[in-house]
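# Reading the structure
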Amino acid sequence: MSVTTRREDNVGYVTIDSPPVNAIGRSVRTGLRDAVTWAEQSNLERVIISGAGGMFAAGADTKEFDSDPVEPHLPDVLNAIDQSFIPWIAAIEGVALGGGAEIALACDMRIMAPSASIGFPEVTLGVIPGAGGTQRLPRLVGLANALDMITLGKPVKAQLALDIGLVHAVDEDPVYAAFMVNSEALGSFVSVRDLPVPMLDAAILNAARERINSKSSGQIAPHKALDIIEAGIGLPFLEGLDIERKTFLTLRGSEQAKALRHVFFAERGAKAPADLTAKPVELAHVAVVGGGLMGSGIAYALLNSGFRVTILETDDDGVERACTNVDTIIAASLKRGLIDEAGSNERRKRFAATTNYNNVSDATLAIEAAYESMDVKRTVFAALEQALPAHAILASNTSYLDLNEIARSVSDPSRVIGLHFFAPAHIMKLLEIVVGAHTSDTALATGFVLGKRLRKIPVAVGVCDGFVGNRILARYREAADTIFMDGSTPWDIDEAMVEFGYAMGPYAAQDLSGLDIAHANRRRQDATRDPARRYIPIADRMVELGKLGRKTGAGWYRYPGGGGRVDDPIVADLALEEAHFAGIKRVDYSADEIRERVLLAMINEAADILQEGIARNASDIDLVLVFGYGFPRWRGGLMHYADTLGAKTIVARLEELCKEDPIAWKISPLLQQCAANGTLISDAAPA
Ligand code: T1G
């Protein structure tokens, strides 16, 4: 039974019980509909509805979104609740999201537990509330609050819900509080649908529209939600419900909704492989080598998850720097209200920094985040091998270097794994777990457990230059630099990629991280680069000129007075000069041509990564690009996006580009196979 009913005297208790999150599927909708009939036939004085398992309801069962809607439809069930002559009280614990929040809105009264949250995240799935949320919420909390909650999709905690009038009370025991509500009070409540609609306010609507444009650029659902809220204010309730439902059903089948659902489920699929049965090592005390920006970010992420953390440094200055860096992060979290004073002090108690490796003799995991030099890493790993217990796992945060070579610096390479965090490490959700040739299942299981404890998205990747994300990034940059050399400017390319949905183009992004990082990698690759492969020298020229990006006041852009970026004609001239030397006849690429070349280059590289088994599946590549490299979530990730183009189309275009440069555009056999077989790239598996 997904919905249970019981009575005590003249109080009815309806409980949604559909583990793990009380998603509102057909059985729940049917159970709720039958509960309304039961209540009305049972001569009850009130009904208290709650969720089992400490959660009210996580919203509609999104697994049903790919099939035709099946009765009873949620709007009809909720209309039956709010039209019932028996008062219903929603007793909310955990979360009431989407359809869960809409159930609560259909009740006469709402009571939340202090730690509970309520919200309308539908737009994060590319849809809008489809069971009355856009029509009831404005009546309850006003136009501005309703627009905020629905078009941004962010839930609110109990106190704010109380402050804006979304709920009547906050109580540690909402069910008991609902039982204790006196009958007179209960009888005084008006159904939300019968509350007066707020006035239309052009200023509020325009502000909401602007906020959507800045926060959700390119996305359709937030604008549609605003449209339906606005339209509903001028319509009778049932007509508003009707256009809401029609819009929801249309959006449910849209490309953006399918893409966002793909990412939603891919994110939840990011866990240890089912056949990984090895027991992870117990984790309590973790050593982090290096207290720079990465090391201190990793340390804080570990502190946030309850670990004891010791940063190892080479000298007292390093120790002081590590402490300052961690203190800075703690202070920032305190200032933003992410932690309180007690939390801040408790984290500090679990943190230490030292030069003395003997202080980590009881650590069962070490994460090396030292300078990206193989010599440094070899030295560190040898010292860690001496200092930590023999069963401890030794991890490197290296972004590019060969993990197998690092593993050769210890006697037991099976203990070595890569844990590639993304700066800022305590904020970015992606964690690439790099699996070396000898990495043990115990080490891998430990990596996944750590990823889960840190609330990261753990993705297992194989060893190659740049693993998954940085390898695709390198191809992205190479394609962009080629377009730059052959005809465009960095700002044309950045603009084209922002229009695609990136928050920032590749040149503006590199100005933030620094041109010297990619330069160091190009120098490292000099010895092994294919001499026949076209090489674009502009970025080297930039580094030679000291134009390293924001940190030197100028990179691909200029930053006068440390302010915003300004196009730099010197940079454009560099390309003209290099093109002249190379005898290149430059062309003026359109934004579409720029996007096509950059994206096809990335897709082709990603297909090789999949073919080589560096990534386990296409979904993992989507997670890496969305959660580590700013690929627009509403495009579903690189491989999901590739399938919207189709392998046949991709291969045909690559064949054209091969005529320009057969080496750079060498077509991945995996793409050719998908094109020939008419199969999805997302379904392709390593060879
Ligand atoms: N439908 C189906 N399955 C869901 C689900 C949902 N809404 N929410 C979670 N799951 C699955 C999830 O895939 C995972 O499965 C398991 O539950 C645990 O999830 C009509 C149209 C509720 C805060 O957007 O935000 O209502 O991997 O790992 O970390 O107007 O799940 O175990 O097989 O995330 O404790 C709107 C989405 C829907 C909320 C719990 N609702 N869910 O987090 O667990 S549209 C949402 C969440 C809608 C109405 C509209 C979170 C959570 P598996 P989990 P968690």
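With that settled, the discussion passes to the overall build of the chain. Regarding its fold elements, the chain presents 29 helices and 19 strands. A compact globule built from 687 residues would reach a C-alpha radius of gyration of about 26 Å, and the chain, at 28 Å, matches this within 12%. If you line up the chain on its principal axes, its C-alpha atoms span 85 × 60 × 55 Å. The proportion of buried residues among the 687 residues of the chain is 56%. Per element, the accessible surface of the chain, about 28,600 Å² overall, is 54% carbon and sulfur. Mean positive and mean negative side-chain charge positions of the chain (68 and 88 charges, respectively) differ by 1 Å.

On to the domain arrangement of the chain, then. In terms of domains, the chain is made up of domain 1 (3-253), domain 2 (285-461) and domain 3 (469-683). Between the C-alpha centres of domain 1 and domain 2 the distance comes to 43 Å.

Moving on, we get to the site of the ligand. Surrounding the ligand, one finds 25 residues, the nearest of these being Ala58, Ala60, Glu102, Gly130 and Arg268. Between a nitrogen atom of the ligand and a main-chain N or O atom of alanine 58, the distance comes to 2.8 Å. In the environment of the ligand, an oxygen atom lies 2.7 Å from a nitrogen or oxygen atom belonging to the backbone of alanine 60. With the chains in place, 73% of the 1,000 Å² that the ligand exposes on its own is no longer accessible. For the shell around the ligand, the elements supplying multiple residues, two or more each, are helix 3 (99-106) and helix 12 (255-268). Along the lines of polarity and charge, the residues of the shell around the ligand split into 14 nonpolar, 5 polar and 6 charged.

Before going further, it helps to spend a moment on a negative patch on the surface. Side chains of Asp492, Glu495, Asp567, Asp588 and Glu593 sit close together on the surface and give a patch of like negative charge. When you line up the elements, aspartate 588 lands in the loop between helix 24 (569-581) and helix 25 (591-611). The exposed category is assigned to aspartate 588, whose relative accessible area is 68%.

Going through the model one piece at a time under the given rule, you end up with 1 cavity of 30 Å³ or more. The volume enclosed by the largest cavity comes to roughly 40 Å³. Broken down by element, the residue count for the lining of the largest cavity peaks at 4 residues, all from helix 4 (residues 133-141). Classifying every residue of the lining of the largest cavity gives 5 nonpolar, 3 polar and 1 charged.

What follows deals with the side chain of arginine 350. Mapped onto the secondary structure, arginine 350 falls in the loop between helix 15 (341-349) and strand 12 (351-354). On the basis of relative accessibility, which here comes to 15%, the residue arginine 350 falls in the buried class. Of note is the side chain of arginine 350, whose polar atom sits 2.6 Å from the side chain of glutamate 346. If sequence neighbours within four positions are ignored, arginine 350 has contacts with Leu302, Leu303, Gly306, Phe307, Arg308 and Val309.

Another aspect to go through is the nonpolar core. Trp556, Ile621 and Leu625 are the most contacted members of the largest nonpolar core, which has 104 residues in total. The two domains that each donate at least three residues to this core are domain 2 (285-461) and domain 3 (469-683). Setting aside residues no more than four positions away along its own chain, leucine 625 makes contact with Ile472, Tyr502, Met602, Gly630, Phe631 and Leu638.

On to the sheet that holds strand 5 (residues 95-97). Here 3 strands make up an open sheet; going across it, the order is 5-7-8 and the pairing mixed. One side of each edge strand has no neighbouring strand; the edge strands of this open sheet are strand 5 and strand 8 (156-157). Bridging between strand 7 (residues 117-119) and strand 8 involves 2 bridges; their strand directions are antiparallel. The residue of strand 8 that forms the bridge with serine 117 is lysine 157. Across the sheet, helix 3 touches strand 5 and strand 7, and the angle it forms with strand 5 is around 95°.

The next point concerns the packing of aromatic side chains. Scanning the entire structure with this criterion turns up 13 aromatic pairs. With a centroid separation of 5.0 Å and 85° between ring planes, the pair formed by phenylalanine 264 and phenylalanine 265 is classed as edge-to-face. For the ring pair phenylalanine 422 and tyrosine 629, a centre distance of 5.4 Å and an interplane angle of 75° mean the geometry is edge-to-face. Placement of the pair is phenylalanine 422 in the loop between strand 15 (416-420) and strand 16 (430-434) and tyrosine 629 in the loop between helix 26 (618-628) and helix 27 (638-645), with a sequence separation of 207 residues. For the pair formed by phenylalanine 422 and tyrosine 629, the shared burial category is buried. Here the aromatic residues Tyr476, Phe500, Tyr502, Phe631 and Tyr641 are joined through ring pairs into a cluster of three or more. Directly above the aromatic system of phenylalanine 264 lies the positively charged group of arginine 268, at a separation of 3.6 Å from the ring centroid. Above the face of the tryptophan 665 ring, arginine 475 is positioned so that its terminal group lies 5.0 Å from the ring centre.

On to a nonpolar patch on the surface, then. On the surface, Tyr176, Phe179 and Met180 cluster together into a nonpolar patch covering about 320 Å² of accessible area. Its place among the elements puts tyrosine 176 in helix 7 (residues 174-180).

The subject of this paragraph is helix 4. In terms of residue burial, helix 4 counts as a mostly covered element, since 9 of its 9 residues are buried. Within helix 4 the residues assigned to the buried category are Gly133, Thr134, Gln135, Arg136, Leu137, Pro138, Arg139, Leu140 and Val141. Contacts from the buried residues of helix 4 go to helix 2 (74-83), helix 3, strand 6 (109-112), helix 5 (143-152), helix 10 (221-233) and helix 11 (237-252). Note on helix 4: the residue one or two positions beyond its end, glycine 142, has a positive phi of about 90°.

Looking now at the sheet that holds strand 3 (residues 46-51). The strand order across the open sheet formed by 6 strands is 1-2-3-4-6-9, and the pairing between neighbours is mixed. Sheet topology places strand 1 (3-8) and strand 9 (169-170) at the edges, where each strand pairs with a single neighbour. Two strands pair when backbone bridges link them, and strand 6 and strand 9 are joined in this way by 2 bridges, in the parallel orientation. Residue pairing in the sheet places methionine 112 in a bridge with valine 170 of strand 9.

Note that the residue after proline 19, namely proline 20, is joined by a cis bond; omega there is 5°. By secondary structure assignment, the location of proline 20 is in the loop between strand 2 (11-16) and helix 1 (26-41). Put simply, alanine 423 and proline 424 share a cis peptide bond, and its omega is -10°. Structurally, the position occupied by proline 424 is in the loop between strand 15 and strand 16. Even without being glycine, aspartate 9 reaches a positive phi, approximately 55°. For aspartate 9, a relative accessible area of 68% translates into the label exposed. Residue asparagine 43 is not a glycine yet carries a positive backbone phi of 55°. Looking at the secondary structure, you find asparagine 43 in the loop between helix 1 and strand 3. Judged by relative accessible area, which is 66%, asparagine 43 ranks as exposed.

Analysis parameters
Residues numbered from 1 in each chain as written. Predicted model: local features only at pLDDT ≥ 70, side-chain atom pairs only at ≥ 80, totals over all residues. Heavy atoms only, no water. Helix = DSSP H or I, 4+ residues; strand = E, 2+ residues; numbered from the N terminus. Rg over C-alpha atoms; globule rule 2.2 N^0.38 Å. Buried < 20%, exposed > 50% of the residue type's maximum accessible area, 1.4 Å probe, protein only. Areas by Shrake-Rupley, 256 points an atom, 1.4 Å probe, with all protein chains shown as cover. Lys, Arg positive; Asp, Glu negative; His and termini not counted. Charge placed at Lys NZ, Arg CZ, Asp CG, Glu CD. Domains from an automatic or database assignment. Near = heavy atom within 4 Å. Polar contact = N/O pair within 3.5 Å; in protein donor to acceptor, adjacent residues only side chain to side chain. Nonpolar A, V, L, I, M, F, W, Y, C, P; charged D, E, K, R; others polar. Patch = residues over 30% accessible without salt bridge, like charges linked within 9 Å, V, L, I, M, F, W, Y side chains within 5 Å. Salt bridge = Lys/Arg side-chain N within 4 Å of Asp/Glu carboxyl O. 1 Å grid on protein atoms, 1.4 Å probe; cavity = no way out; pocket = protein on both sides within 12 Å on 5 of 7 lines; lining within 4 Å. Points joined across faces, edges and corners; volume = space filled by probe spheres on them. Contact = heavy atoms within 4.5 Å. Core = buried A, V, L, I, M, F, W, Y, C linked by side-chain atoms within 4.5 Å. Pairing = 2+ DSSP bridges. Axes fitted to C-alpha atoms, helices over the stretch in contact; angles between N-to-C directions. Phe/Tyr/Trp six-rings, centres within 6.5 Å; stacked < 30°, edge-to-face > 60°. Lys NZ or Arg CZ within 6 Å of the ring centre and 35° of its normal.

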